[in-house]
Amino acid sequence: MISISGSHVLLLDWVTGRYVNRSLKRAIMFKEYLGNSSDVFSLIGAIATGAFAFKVTLGFVRFFTVHFLSGALGLSANLRKGGAWAVVTGCTDGIGKAYAEQLAARGLNIVLISRTLSKLEEMAKQVEEKFKVSTQIIATDFARSDIYDEIESKLATLDIGVLVNNVGTSYDHPEFFAEVDSPDFVRRMINMNCISVAKMTRIVLPKMVQKKAGFIINIGSSAGARPTPLLGLYSGTKAFVDYFSQSLQSEYSGSGVVIQSVRPYFVVSKLSKFRKPSVFVPSPTTFVKNALNTIGVQAVTTGYWAHSIQDMYISLIPIVFGKSFLMQARKRALKKKAANNKSE
């Protein structure tokens, strides 16, 4: 035990008192030096608080305007001004099918490009009967890279005003890159998710620039907005779509051509494996109706109001938590796969 004598206590009180008095004197001197301007700190705090409140309010107004008022206020683009035809890739299911239908509903003729001829023929018949527009079909496999001369030839005589680059592929389930059990995995994903976007854009863009009108809508993913572990290659390919789109939009600003990057979260489709719509997982039609109203308003968009809310919150979550969620999804998928194999 340490013993402290009375004299030491007095000395400690004296030193402490001197330190406190000195600090108080300095504070008083600082106050006297600034005078009434010492309230500047309160003013800075008030300005910072006001700026934050203004930013939040502006964000809310922008959010509400983009997703709920842009169509009614006439802010979104008139897609028919680009030309008489719209081209949609990957159009027989999900988001692509909804884009084809909604563009036809706006009076555009539709070129449907996908892999399966029978599905394309059925889709074309439905679109023509329901929306009273013309259609053309091109059956091709975007997993290949030698298809674009034929596509360009078939599109050459059409007045194309809208291109929707929607075709794409993803993982069967979240997985470590080295453990993906598919020999064609890398080639297929890069061809379908990246090469298709660049090649189709290269086919239609020159004429759009020449006539100073046109719209290119590139369907990316929220997974391309930030690194996504266990979906690494998919995330990388969709990041390409996003950066490619934003770069071209900057290149061609003022040209009359609009290039939009769409980064949705989950939508009901075979690709997402969601079967029932909800507030945060809309049906393809609900999603596309909202997304089309953002063209000409947002160069980069989630496409849907609830996805914008998701995007705001997920951007605050560290990647490690996203990885934990995907690890759980991987575990469930592997367990289900093992059970299916056992039952067979």
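**Re the packing of aromatic side chains**
With the rule as written, the count across this model stands at six aromatic pairs. When the ring of Phe142 is compared with that of Tyr148, the centres are 6.2 Å apart and the planes differ by 50°; the resulting orientation is tilted. The same class applies to Phe142 as to Tyr148, namely buried. Here the aromatic rings of Tyr171 and Phe185 are separated by 5.0 Å at their centres, their planes lie at 80°, and the arrangement is edge-to-face. Of the two residues, Tyr171 sits in the loop between strand S4 (160-165) and helix H6 (185-211) while Phe185 sits in helix H6, which places them 14 residues apart along the sequence. In this pair, the class of Tyr171 matches that of Phe185, namely buried. Connected via pairs of aromatic rings, a cluster forms that spans Tyr171, Phe177 and Phe185.

**Points about the pattern of salt bridges**
Tallying each qualifying case throughout the model produces eight salt bridges. Among the ionic pairs, Glu175 bridges to Arg330, the shortest N-O distance being 2.7 Å. A residue pair is termed long-range when its members are at least 10 positions apart, and Glu175 in the loop between S4 and H6 and Arg330 in helix H10 (residues 319-343) qualify at 155 residues. Accessibility classification places Glu175 together with Arg330 in one group, the buried group. For Arg330, the salt bridge is made with Glu179, and the minimal N-O distance between the two is 3.2 Å. Highlighted residues: Arg330 in helix H10 and Glu179 in the loop between S4 and H6, separated in sequence by 151 residues.

**With respect to H10**
Here H10 spans 36 Å end to end across 25 residues, near enough to the 36 Å set by a 1.5 Å rise per residue. Buried within H10 are the following residues: Leu326, Ala329 and Arg330.

Cut-off values and rules
Residues numbered from 1 in each chain as written. Predicted model: local features only at pLDDT ≥ 70, side-chain atom pairs only at ≥ 80, totals over all residues. Heavy atoms only, no water. Phe/Tyr/Trp six-rings, centres within 6.5 Å; stacked < 30°, edge-to-face > 60°. Buried < 20%, exposed > 50% of the residue type's maximum accessible area, 1.4 Å probe, protein only. Helix = DSSP H or I, 4+ residues; strand = E, 2+ residues; numbered from the N terminus. Salt bridge = Lys/Arg side-chain N within 4 Å of Asp/Glu carboxyl O. Expected span 1.5 Å × (residues − 1).

In short, geometric facts, not functional conclusions.
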